[in-house]
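Close look at the chain arrangement
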Number of protein chains: 2
Amino acid sequence: MAQTPGPGRQVQIAHIATQHYLQNKTRIEIANETGLSRFKVGRLLDEAVSSGIVRIDIQSPSGMRLDLSVQLKDRFGLMHAVVVDVPSDSDDVLQARLGSTAGDLLSEILTDNDVLGLTSGRTLSAMARSLSSLPKCGVVQLAGVAGPIQETGLEIMRRISAIAGVRPWTIYSPLVMSDAQAAVGVRRQPDTSQTFEQFSRVTVAVGAIGSWQPENSQMIKNRALDTSDREKLLARGVVAEFGATLITDTGEVIHDIDDRCIAISEKQWRAIPTVIAVAGGPTKTRAIRAILASGLLHGLVTDSATAERLLGG
Amino acid sequence: MAQTPGPGRQVQIAHIATQHYLQNKTRIEIANETGLSRFKVGRLLDEAVSSGIVRIDIQSPSGMRLDLSVQLKDRFGLMHAVVVDVPSDSDDVLQARLGSTAGDLLSEILTDNDVLGLTSGRTLSAMARSLSSLPKCGVVQLAGVAGPIQETGLEIMRRISAIAGVRPWTIYSPLVMSDAQAAVGVRRQPDTSQTFEQFSRVTVAVGAIGSWQPENSQMIKNRALDTSDREKLLARGVVAEFGATLITDTGEVIHDIDDRCIAISEKQWRAIPTVIAVAGGPTKTRAIRAILASGLLHGLVTDSATAERLLGG
DNA sequence: ATGTCGTTTGCTCATATGAGCATTGGGTAT
DNA sequence: ATACCCAATGCTCATATGAGCAAACGACAT
């Protein structure tokens, strides 16, 4: 960094910099007005930057960490990466911010011709609550219900389809069944099977991420999974779930209980052009990293602390 | 101001803006790297500014208020205007900051071929104390001594000439004599008269400003001015002194006691190519305004609160 | 479908700008 | 004085950029 120029020169630089940067005059105009040569004006403007008189700051007006977003995008080859700065430690605040940001992203990229796929999860509920308008696109539920009743995917589907003004394709069933037989039965239901047929039409999907290690997921707490199931899956290295797709630290997908799940399959996930995950917080970091490694995602909405952990490790 | 774009677009804009503003890539380079057209890149950069994602801040790294400096310069037709931001209310801090800034300005504009003229005053003492180097220019005292001994122009002259490495032209005499006769006598002294002969060679002068209303000046407190003198001059509208030049609100120069003063005359002041005043604080505002109105000054160093008062009224 | 409107995109061409070089000028050592 | 050096200045010419326009597109109503 160049050393500070004298005060008189600082004033001159400030004057020229104001004319140029704040009033969009060209160097040539400024040169004519001040009697300097355009070269001198150009050199003073260079000095304005190098001496720190002109500071150029790039940051979102709405609390986004654009620098981290860009890094995340580059590092993990994502199409969409959005990092929000959440000052509070409160989990509720985090969910709300992530949800509303994901909602903004969704309103931005969705068009009339898209078909939107959704899973359930607290963050997605927050997203549904914050959305206020959407194009008239199709809305498809991608997985059964895993959590307590008030946070079900059904509530999310209800709200989002209402906003879009269309009838949603829903799945009235739990995410995991206790045995494969029961799952087959559910999949045979007309409503469910019609929804399953929509999966291939989905163009944009938004999903929550569940963590298995530490356990922060509706799925792993589900009664249909007994202790032995859980232990076997954990032994296989499962650390994250996305819909009902189970993933290890290396990004490998574990298919052991696919036949008991009522949800979009890995293959179908991969056929969707734009898959976006929304998740944040310390307990989810490992799971997010795993799902990024799997290559399932094209987009991620997370918080700045988590983004830093993802980039740092 | 345009409304905030969606988060995905914000990230894209941030990326492009970073490349352009922080890494100095051309729009064309960015276009090639991102696959966008150069026009699109240009439009996104426009949006970066209009949406507030890129903020361009013009301010001095060293606590100067460049915006006010520029305004002052324009409003009063000055060549040099320097406004420092002084957070403290302490008069000592104010003097120190003004002095050191004036010193910086002086080091900046003085060359070997200049001849520097100085008056006395607290602020100029502070300037002398803060100066650390000067070119080998001539140094001339422009007025007799008005204040208490430790703040005399003599101390200032001693220090500044030592820094410049030259012999100064000094005036060992009070600023005001009690009668014209005495003044004639002083002016006849060889030392004094030699110094007076230098006045016409002075190219850069720095002077303090004294306020007569409210009374904040060494001159008005001088014992050589009795109550009746003071009252007469105040009745004539004197509000400020610069050296021994007395000035009214309208900028008119009052010559009533010129014959009793040992100092550079108005005419000689006006012959100096660069005359700079250093003064600040609420009590000096009116005086500064008066001297600006007189057209004696080419430069002013002051504090931000005073600058705002000067510009505001 | 068809036409219309408003928006987005890329084009042309005149203009602004940067890189690198030659010139100047002032200070310094011989 | 003379030669030398370094910094500051302004030049030429190739390149980057902006203004304004025209084509393409998409949403919507008819």
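Everything discussed here concerns the structure shown above.
So, here's what we can say about the structure. What you are looking at is a predicted structure, and each value in this text was computed from that prediction instead of being measured.

Let us look at the packing of aromatic side chains. Residues and elements named next belong to chain A. All told, the structure shown has 4 aromatic pairs over all chains when counted by the stated rule. Measuring from centroid to centroid gives 4.7 Å for F196 and F199, while their planes differ by 40°, and the two rings are tilted. Look at F196 and you get buried, because its relative accessible area is 17%. Plain terms: the ring middles of F242 and W269 are 4.5 Å apart, the flat faces sit at 25° to each other, and that makes the pair stacked. Here F242, found in strand 7 (residues 238-242), pairs with W269, found in helix 11 (residues 266-271); they are 27 residues apart in sequence, far enough to count as distant. The pair formed by F242 and W269 is uniform in burial state, with each residue classed as buried. One residue, R167, lies across the ring of W169, its end atom 5.2 Å from the ring centre.

Looking now at the protein's contact with DNA strand D. Looking at DNA strand D, the residues that line it are S37, R38, F39, K40, R43 and D112 of chain A together with T26, R27, I28, R38, F39 and R43 of chain B. Separating a base oxygen of DNA strand D from a side-chain N or O atom of R43 of chain A is a distance of 2.7 Å. Separating a phosphate oxygen of DNA strand D from a side-chain N or O atom of R27 of chain B is a distance of 2.8 Å. Of all the secondary-structure elements, those providing two or more residues to the surface near DNA strand D are helix 3 (38-50) of chain A together with helix 2 (27-34) and helix 3 (38-50) of chain B. Across the surface near DNA strand D, the residue classes break down as 3 nonpolar, 2 polar and 7 charged.

Within the structure, DNA strand C sits among T26, R27, I28, R38, F39 and R43 of chain A together with S37, R38, F39, K40 and R43 of chain B. Between DNA strand C and R27 of chain A there is a distance of 2.8 Å, counted from a phosphate oxygen to a backbone nitrogen or oxygen. Contact distances for DNA strand C include 3.2 Å between a phosphate oxygen and a backbone N or O atom of I28 of chain A. Looking at the surface near DNA strand C, the elements with two or more residues in it are helix 2 (27-34) and helix 3 of chain A together with helix 3 of chain B. Broken down by element, the residue count for the surface near DNA strand C peaks at 4 residues, all from helix 3 of chain B.

So, about the interface of chain B and chain A. Every contact between the two is made by 36 residues of chain B and, on the other side, 36 residues of chain A. Across the chain B to chain A interface the summed buried area is about 2,900 Å²; carbon plus sulfur atoms make up 67%. It is P7, V11 and I58 of chain B that lose the most area in chain B upon contact with chain A, and together they represent 21% of the buried surface on that side. Applying the counting criterion to the chain B and chain A interface returns 2 salt bridges. Between D57 of chain A and R55 of chain B there is a salt bridge whose closest N-O contact spans 3.4 Å. Joining chain B to chain A, the criterion identifies 11 residue pairs in polar contact (both at pLDDT 80 or more). In terms of residue count, the dominant contributor to the side of chain B that touches chain A is helix 1 (residues 7-22) of chain B (11 residues). Its residues placed into classes, the side of chain B that touches chain A shows 17 nonpolar, 13 polar and 6 charged. Two elements, strand 1 (residues 54-58) of chain A and strand 1 (residues 54-58) of chain B, share 5 bridges in a ladder whose sense is antiparallel. Residue pairing across strands places D57 of chain A opposite R55 of chain B, the latter belonging to strand 1 of chain B.

Time to look at the relation of the copies chain B and chain A. Rotating chain B by 179° and translating it 0.0 Å along the rotation axis places it on chain A, where the RMSD comes to 0.1 Å. Read as a symmetry element, the transformation amounts to a two-fold axis. Taking C-alpha positions as the reference, the residue of chain B nearest the rotation axis is I56 of chain B, at 2.3 Å. Counting the interface residues of chain B, we find that 100% of their copies in chain A are interface residues as well, pointing to one common contact surface.

About the criteria used
- Residues numbered from 1 in each chain as written.
- Chains lettered and ligands numbered in written order.
- Predicted model: local features only at pLDDT ≥ 70, side-chain atom pairs only at ≥ 80, totals over all residues.
- Heavy atoms only, no water.
- Phe/Tyr/Trp six-rings, centres within 6.5 Å; stacked < 30°, edge-to-face > 60°.
- Buried < 20%, exposed > 50% of the residue type's maximum accessible area, 1.4 Å probe, protein only.
- Helix = DSSP H or I, 4+ residues; strand = E, 2+ residues; numbered from the N terminus.
- Lys NZ or Arg CZ within 6 Å of the ring centre and 35° of its normal.
- Near = heavy atom within 4 Å.
- Polar contact = N/O pair within 3.5 Å; in protein donor to acceptor, adjacent residues only side chain to side chain.
- Nonpolar A, V, L, I, M, F, W, Y, C, P; charged D, E, K, R; others polar.
- Contact = heavy atoms within 4.5 Å.
- Buried area = accessible area lost by both parts, 1.4 Å probe.
- Salt bridge = Lys/Arg side-chain N within 4 Å of Asp/Glu carboxyl O.
- Pairing = 2+ DSSP bridges.
- Least-squares fit on C-alpha atoms with pLDDT ≥ 70 in both.

Just distances and angles here, no functional claims.
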